[in-house]
4 protein chains.
Amino acid sequence: MIDKTLIESENAARQADLAADYDALGSRLARRGVDIAALTDRAAGFGVAIPSWGTGTGGTRFARFPGEGEPAGIMDKLDDCGVIHQLTAATPKVSLHIPWDKADPALLLEKAQEVGLGFDAMNSNTFQDHADHPLSYKYGSLSHTDTATRRQAVEHNLECIEIGQAIGSKALTVWIGDGSNFPGQTSLSRQFDRYLDSMKAIYAGLPGDWRIFSEHKIYEPAFYSTVVQDWGTSLMIAQELGDQAQCLVDLGHHAPNVNIEMIVARLIRAGKLGGFHFNDSKYGDDDLDSGTIEPFRLFLVFNELVELEDTPGLDLAHMIDQSHNVTDPIESLIISACEIQRAYVQASLVDRAALEEYRQANDPLMAAATLRAAFRTDVEPILAEARRRSGAAIDPVTAYRASGYRAQVAAKRPKSAGGGGGIV
Amino acid sequence: MIDKTLIESENAARQADLAADYDALGSRLARRGVDIAALTDRAAGFGVAIPSWGTGTGGTRFARFPGEGEPAGIMDKLDDCGVIHQLTAATPKVSLHIPWDKADPALLLEKAQEVGLGFDAMNSNTFQDHADHPLSYKYGSLSHTDTATRRQAVEHNLECIEIGQAIGSKALTVWIGDGSNFPGQTSLSRQFDRYLDSMKAIYAGLPGDWRIFSEHKIYEPAFYSTVVQDWGTSLMIAQELGDQAQCLVDLGHHAPNVNIEMIVARLIRAGKLGGFHFNDSKYGDDDLDSGTIEPFRLFLVFNELVELEDTPGLDLAHMIDQSHNVTDPIESLIISACEIQRAYVQASLVDRAALEEYRQANDPLMAAATLRAAFRTDVEPILAEARRRSGAAIDPVTAYRASGYRAQVAAKRPKSAGGGGGIV
Amino acid sequence: MIDKTLIESENAARQADLAADYDALGSRLARRGVDIAALTDRAAGFGVAIPSWGTGTGGTRFARFPGEGEPAGIMDKLDDCGVIHQLTAATPKVSLHIPWDKADPALLLEKAQEVGLGFDAMNSNTFQDHADHPLSYKYGSLSHTDTATRRQAVEHNLECIEIGQAIGSKALTVWIGDGSNFPGQTSLSRQFDRYLDSMKAIYAGLPGDWRIFSEHKIYEPAFYSTVVQDWGTSLMIAQELGDQAQCLVDLGHHAPNVNIEMIVARLIRAGKLGGFHFNDSKYGDDDLDSGTIEPFRLFLVFNELVELEDTPGLDLAHMIDQSHNVTDPIESLIISACEIQRAYVQASLVDRAALEEYRQANDPLMAAATLRAAFRTDVEPILAEARRRSGAAIDPVTAYRASGYRAQVAAKRPKSAGGGGGIV
Amino acid sequence: MIDKTLIESENAARQADLAADYDALGSRLARRGVDIAALTDRAAGFGVAIPSWGTGTGGTRFARFPGEGEPAGIMDKLDDCGVIHQLTAATPKVSLHIPWDKADPALLLEKAQEVGLGFDAMNSNTFQDHADHPLSYKYGSLSHTDTATRRQAVEHNLECIEIGQAIGSKALTVWIGDGSNFPGQTSLSRQFDRYLDSMKAIYAGLPGDWRIFSEHKIYEPAFYSTVVQDWGTSLMIAQELGDQAQCLVDLGHHAPNVNIEMIVARLIRAGKLGGFHFNDSKYGDDDLDSGTIEPFRLFLVFNELVELEDTPGLDLAHMIDQSHNVTDPIESLIISACEIQRAYVQASLVDRAALEEYRQANDPLMAAATLRAAFRTDVEPILAEARRRSGAAIDPVTAYRASGYRAQVAAKRPKSAGGGGGIV
């Protein structure tokens, strides 16, 4: 963890400017009838989960270029997540990935408590072979033609639930790579039937207070068809499984040009939106830092969430899911958490009464201008003030760099093997 | 209609070659265990509906360039459709569009009988203003914020059903342009609620032996959001309305890269696939002739349909929906009907037993090769023989051109005004 | 034109708030080493041309829904453009489209002077048939297989130059719809040769102080291939024609996912970037209001322009090209001009020295954060102050609505026929 | 290598059927004025190079699932390539990748002679770090901000040329992953300048009878911008470098919806088309087996190549570049070589005289039908006969399976480590 006094001294150097900016923004918002104090409280109440695997440097099929001080295991990852939350006060939970993060639950709980974190949804993995799984997932897992392979994949998911129960998680996210690379390779219909059968077996093992999230993705690693290819299929799954099953939306898992905020609105209406995997992308599932490529899109997603936040039963699991290939993963996660929080606050200051009037009056120009007015409001002072009040950093990346944390862990952790490749 | 003796003489000139090709193909297929006679029967039994509006030259927002002898009204269109069916024996029905095709039902029935056609699904139109509708659809129709406008749109759909009942139609296709051009312009959620309310009012007026088809489209004419934007939303609609509601898939209405045959498989599993609007496209809703841009995609759609053809309750409405901007529309419809039929026959000769074995054995290479072997089989002799046996033309386009039909109608019909944007 | 006193009284009501916001922003920027006065001067010096056709309501191939007071001819359009410039001080020029705007040059000049405008690039039209052109462009214009048709299209372009010379224009923009709808329809190579021959004939008639802009577009109205389909082809054209030929980039004319700012950088390096057609889009050439769909993309384009603004010989023609289907076109053009100006100002306050340091240090996170810091700065006070100083409106849309201009012209102008497909 | 007698006995069992099919096709083609013997000669003269790395099982960033008998080094790979050519007679050359295939040139030549192969273009690799390169390519290679890193990358390319010279190669293909993941990370313009400087240094070392191929790709592994992102940039590079520089088109490296055959036509006109990396794809750079996803697209590419084959100076390097994740790589390469050859033969039987007449007559329907008639001709008997005459297999995959080659090498070669992963 980072020394509290460092954060305090970093904040002290910025406090006067922040106060001035916060006051100026407050006056401006007041003129629009917006209470900055209430917005600051909303900001402070917002949280998004960190994926444990996001703390390590990611890569592509071409190569992986690790950085200094890569986390060597889940305990290192929890340390890194603790630092992120310490600096942002916006990431209170971690989402684990099994088998990567398998460890004694008692030790996990102990470490989490030490770094001030809880555990969010569990993630299973049947897109890779496991050392202790005798059967390969090369041709599929939950939808494999072979019964024993499907069973093995189901058991793995049940084990994830078991681990999750021991550490206080309340949800299981199921994302699989099953699909096909060539037309004809698989029966699109029967493969889906097999998938549903497997999911029902997992669902049968779901504790009563848990949820299971079905996550769709248009392609990759399967390049012709994917079993859970879009939200329509994900909805069918959640409907067929039952009330504890919901859909998880990853912002990078859609076809080009798709309007994601509409999917958000539809899934909420169907009572089936469970949460998000946040990231940003320009081409495919690029897994870039949230809000760095198309920030207005992120805002529009949150605009739906805020507009519909009073929908009965809506309880969203916000998670980040990114691959940090060229940045320090801790810094990318800090930035991403802040950008997600920013979109939430911007969406929260939309003048919804005016917006509704413009809609009723068929005044698209002013309705659109109303959203843009919120989006272009620089709410950084609100985010910074919310952090300051929580004891986090006004400028988290600068504080992180000042702390020397990366160099410290680099000195302690083993050097990560780079390379990868041959996979083109 | 075209003189029967012309078709006979055209066929006579081609019959020997056809017989030779048919026999050679028959031998080759027999070696693969496929009975060409059965395939020819399947081909002969296949039909796809013609859209009445497809007989006129279409256009883009930039311009419309009409051809000679454009049909001046529904009676001319039915004449043209009659010729298409006479030459192909593959287009036994016509799909009408109201108000464009509004006419005395008795006269419609009389003309249809004269040209040997029946009536397929009715199509309503609330994407344009009507001379006799006092309220404008500029800002929406079935999902408009204004109750009276929604009511007007509902009434129009009920009128379409009424007309359809009088002429023997059994389905209503609802495609609307409602959506928005700017973020914020509309509440994505409440607009959908209003749409559903309107559709329920229409559904309430649906005769017991009718179906209602919900047709999705990702964009155009709305350029930011569309109420029924994808098959997931279309499925929600069909589920909410009831058993008589199904989804219609237009091949050109999806996001780039989307795997359409998967949507087909999913909707069949959900019991909600109602039919198709066939066409081809490269970029957006290009509405090009079926099978001319990506013929393997059309084949893969039919591969699903044939694989799942014994699904209980499956009853598909096959329709063409195209815009013919640079060709003689009659010729484009002939070609399209033949290409659709071709894909159906190719899909029918897939060796499904071998395919299933390869799938079970996780042999993607041979599974894919099995599909390709069917696709690359030149089934033209089967299609031509099926036509010949039905009294249609072995080579329909050549026969059509030889008939001089276009010049004859051009002499009789008023010249079409060109210029402006074309409505399709 | 709008009564000056109305603008003054509207501004008076907003001046105190603006002054407060401007001062607060000035202080904040000063802390970052940015001089708000210099930025305000830059804003005031910025201009973007209005397309004459943008003042009328546009449409799609499905329908056009005209509004009140549609301009009946070029003189009405110039009145509307005058109002836009009066309110924004950001649109000093109008771009004409022939034959739509054909008129006595003396009268055009007189009207332009009256409304305080100049003339930007001329636009030719060979994507529609002309009443006085005997040959049709149905199968192409500058690239038609028929010599006489190509000649007719060339002559039309030469006439556009002639008109332009009479009114002080210095550039011709050539955008054509030529291409094909079906594989095989045209020889992709020879069609391009014919196009180049025609362009050379036009280029030969270009005055020495003029430029000719080649504008690419991936598709529409041609749906399989387009002669000038992308910037690579446009570059080949400009290279082959000579120094007076440059490329024009329309933001909506690219394939999905394409990185437009890279194209900007490449064309500048090739010495061939001539200018822009600004608009915004989500799916195809949606022609929506600039900056309303993906504002960060617009910013990134201007980031390149500002970064490279000292490139010798760079002289860009900024134009808007949009279709206003559901808004008052005057309002959409006001909004668009302001959003384009906003992107320019935001790009102007990027801390380029810091950015370059981060780049050299391979610090992508901070480099990206540097751009985002500029983007999220709310520069509205700068834009408003620049307008105020030029006698334009602090809040142009509100002033426009208060003026009653639309109702006034609606009372005077003939009602526009709606219905059919809209041409934009 | 596979026992010749096995191939002979496999062929013997198929010869009668092939002869019958070949004769039937010959008769049918003769009716269309096409000489099957000439086509068979063309087929026999066609060759496409195998990428050495394609003989190993590929993977994605999520996982790699190796198969049995993975090649352990370049000598194993050459054995596998020899088998492919033995069975298809269509893959006479191998394309090497350095450093993966680094070996004593004398041994390479010896092995190549043993297996009956030559060497095609060399491929450099600066998208991964090398054990013996002190500087990392994490932030770029030929376009890196650091001079020493660029120099290291240049030297590597010069070494590739040196190796290539020793083994009879005549070309260097340069594909790099350089680009950026975030807006701002790099100067789009200066990064390109640096790239050009490096390429000029490589070009300076190019032997006089060599060519250098610039290969563009829209994205991956860089996810915001890529230095050589499209054919326009590739063209600029080839123009700037000189006559020995040309562009290489990989079918999977374009934006969605892009018309690749137009790019082919344009690059031929510019005198800059150097060759292809063949594969197929549905979403991104999926690297699937050629002709398995969209076979008509492959045909249309070859349609351009055949139409323009007499262009002076046209000399194309045909190579395969695929990733075989779920199939036996040898089988995928066999299938791909055959599908590429198939497209070439189909394109060769287009009735070009008729096509040209239809084009001149503006008869798009018949022009398109002319292409489709060629595409749907099942030319398998021609391909099979060409193979038979060359001593290769009538049915290469079946012969390969019958040979037991995979089991034999699996017994000899070390087991490949699977896994991969953590990279998500």
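Just so it is clear, the structure is predicted and the values come from calculations on it, not from any experiment. (Residues numbered from 1 in each chain as written. Chains lettered and ligands numbered in written order. Predicted model: local features only at pLDDT ≥ 70, side-chain atom pairs only at ≥ 80, totals over all residues. Heavy atoms only, no water.)

Participant: Looking at this model, I keep getting lost on the interface of chain A and chain D. Mind explaining?
Facilitator: Facing 54 residues of chain A, the contacting portion of chain D comprises 54 residues. When chain A packs against chain D, close to 4,600 Å² is buried across both sides, 65% of that on carbon and sulfur atoms. Ranking the residues of chain A by area buried against chain D places F65, K138 and Y283 of chain A at the top, with a combined share of 16%. Our enumeration of links across chain A and chain D arrives at 15 residue pairs in polar contact (both at pLDDT 80 or more). Here the residues of the side of chain A that touches chain D sort into 24 nonpolar, 19 polar and eleven charged. (Contact = heavy atoms within 4.5 Å. Buried area = accessible area lost by both parts, 1.4 Å probe. Polar contact = N/O pair within 3.5 Å; in protein donor to acceptor, adjacent residues only side chain to side chain. Nonpolar A, V, L, I, M, F, W, Y, C, P; charged D, E, K, R; others polar.)

Participant: Looking at this model, I keep getting lost on the relation of the copies chain A and chain D. Mind explaining?
Facilitator: Think of it as a corkscrew move, a rotation about one axis and a shift along it, taking one chain copy to the other. For the pair chain A and chain D, the superposition axis carries a translation of 0.0 Å, the fit reaches an RMSD of 0.0 Å, and the rotation angle comes to 180 degrees. Such a combination of rotation and displacement between the chain copies is what one expects of a two-fold axis. Across chain A, the rotation axis passes nearest the C-alpha of R61 of chain A, at a separation of 2.1 Å. Looking at chain A, 100% of its interface residues are interface residues in chain D too, so the copies touch through the same face. (Least-squares fit on C-alpha atoms with pLDDT ≥ 70 in both.)

Participant: How should I be thinking about the UniProt feature "domain: Xylose isomerase-like TIM barrel" (unreviewed entry) in chain A in this particular structure?
Facilitator: In the numbering used here, UniProt assigns the feature "domain: Xylose isomerase-like TIM barrel" (unreviewed entry) to residues 96-287 of chain A. The span residues 96-287 of chain A is 36% helical and 15% strand by assignment, and the distance between its end C-alpha atoms comes to 18 Å. (UniProt positions renumbered as here; feature names shortened; annotations may be inferred. Helix = DSSP H or I, 4+ residues; strand = E, 2+ residues; numbered from the N terminus.)

Participant: Just to check I follow, could you spell out the packing of helix α5 (residues 147-167) of chain A against helix α6 (residues 188-204) of chain A for this structure?
Facilitator: A pair of packed helices is characterised by two quantities: the angle between their axes and the separation of those axes. Residues and elements named next belong to chain A. Their axes nearest at 9 Å, the elements α5 and α6 cross at an angle of 35 degrees. Where α5 crosses over α6, the two elements pack in a sense that is right-handed. Residues R150, R151, V154, N157, L158 and I161 of α5 pack against R194, S198, A201 and I202 of α6. Looking at the contact of α5 with α6, its residues break down into five nonpolar, two polar and three charged. (Axes fitted to C-alpha atoms, helices over the stretch in contact; angles between N-to-C directions. Left-handed = near helix turned anticlockwise from the far one by under 90°.)

Participant: What's the story with empty space enclosed by the protein in this structure? I'm lost.
Facilitator: If a probe the size of a water molecule is rolled over the atoms, the empty space left behind becomes visible. Of the volumes computed, that of the largest cavity is approximately 740 Å³. N257 of chain B together with P256, N257, K282 and E294 of chain D are, among the 48 residues lining the largest cavity, the residues nearest its centre. At the level of secondary structure, the elements contributing two or more residues to the lining of the largest cavity comprise α8 (260-269) and α9 (295-307) of chain D. Element by element, the count of residues in the lining of the largest cavity is highest for α9 of chain D, at three residues. Here the second largest cavity defines a volume of roughly 520 Å³. Surrounding the second largest cavity, 31 residues form its lining, N257 and E294 of chain A together with N257, K282 and E294 of chain C being those nearest its centre. (1 Å grid on protein atoms, 1.4 Å probe; cavity = no way out; pocket = protein on both sides within 12 Å on 5 of 7 lines; lining within 4 Å. Points joined across faces, edges and corners; volume = space filled by probe spheres on them.)

Participant: Can you walk me through the relation of the copies chain A and chain C in this structure?
Facilitator: Between the two copies, chain A and chain C, the superposition gives an RMSD of 0.0 Å; the rotation angle is 180 degrees and the shift along the axis is 0.0 Å. Taken as a fraction of all interface residues of chain A, those also at the interface in chain C reach 100%, which identifies the copy contact as same-surface.

Participant: Mind showing me how you'd approach the sheet that holds strand β7 (residues 211-215) of chain B here?
Facilitator: Hydrogen bonding along the main chain pairs the strands of a sheet, whether they run parallel or antiparallel. All names here are of chain B. Taken together, the six strands give an open sheet; going across it, the order is β4-β5-β7-β9-β10-β11, and neighbouring strands pair in parallel fashion. Strands with a single pairing partner mark the edges of an open sheet, and in this sheet they are β4 (122-123) and β11 (317-320). Judged from the four bridges that link them, strand β5 (residues 171-174) and β7 form a sheet pairing that is parallel. Bridged to V174 within β7 is S214. (Pairing = 2+ DSSP bridges.)

Participant: I tried to follow the interface of chain A and chain C on my own but got confused; where do I start?
Facilitator: Each side of the interface is counted separately: chain A has 39 residues, and chain C has 39 residues. Summing both partners gives a buried area of about 3,500 Å² for chain A against chain C, and 51% of it is carried by carbon and sulfur. On the chain A side of the contact with chain C, N257, L365 and R376 of chain A bury the most area, a combined 20% of that side's loss. Taken together, the connections running from chain A to chain C amount to 16 salt bridges. Note that D17 of chain A and R31 of chain C form a salt bridge whose closest N and O atoms lie 3.5 Å from each other. (Salt bridge = Lys/Arg side-chain N within 4 Å of Asp/Glu carboxyl O.)

Participant: Help me out: how do you make sense of helix α2 (residues 36-44) of chain A in this one?
Facilitator: Along an α-helix, residues three or four apart share an orientation, since each turn contains 3.6 residues. Residue and element names in this part refer to chain A. Among all positions in α2, only I36, L39, T40 and A43 are buried. When α2 is viewed along its axis, its buried side chains cluster within an angular range of 100 degrees and face the same direction. On its buried face, α2 sits against α1 (4-31), α10 (329-348) and α13 (380-389). Where α2 starts, the residue carrying a side-chain oxygen 3.1 Å from the main-chain nitrogen of A37 turns out to be D35. (Buried < 20%, exposed > 50% of the residue type's maximum accessible area, 1.4 Å probe, protein only. Arc of directions from axis to C-beta.)

Participant: Got a minute to help me understand the sheet that holds strand β9 (residues 245-250) of chain A in this structure?
Facilitator: Residues and elements named next belong to chain A. Reading across from one edge, β4-β5-β7-β9-β10-β11 is the order of the six strands in this open sheet, with parallel pairing throughout. The open sheet is flanked by β4 (122-123) and β11 (317-320), the only strands paired with a single partner. Two strands pair when backbone bridges link them, and strand β10 (residues 273-278) and β11 are joined in this way by four bridges, in the parallel orientation. Bridging across to β11, H277 finds its partner in M319. Strands β7 (211-215) and β9 of the sheet are contacted by helix α7 (residues 231-241), whose axis makes an angle of about 160 degrees with β9.

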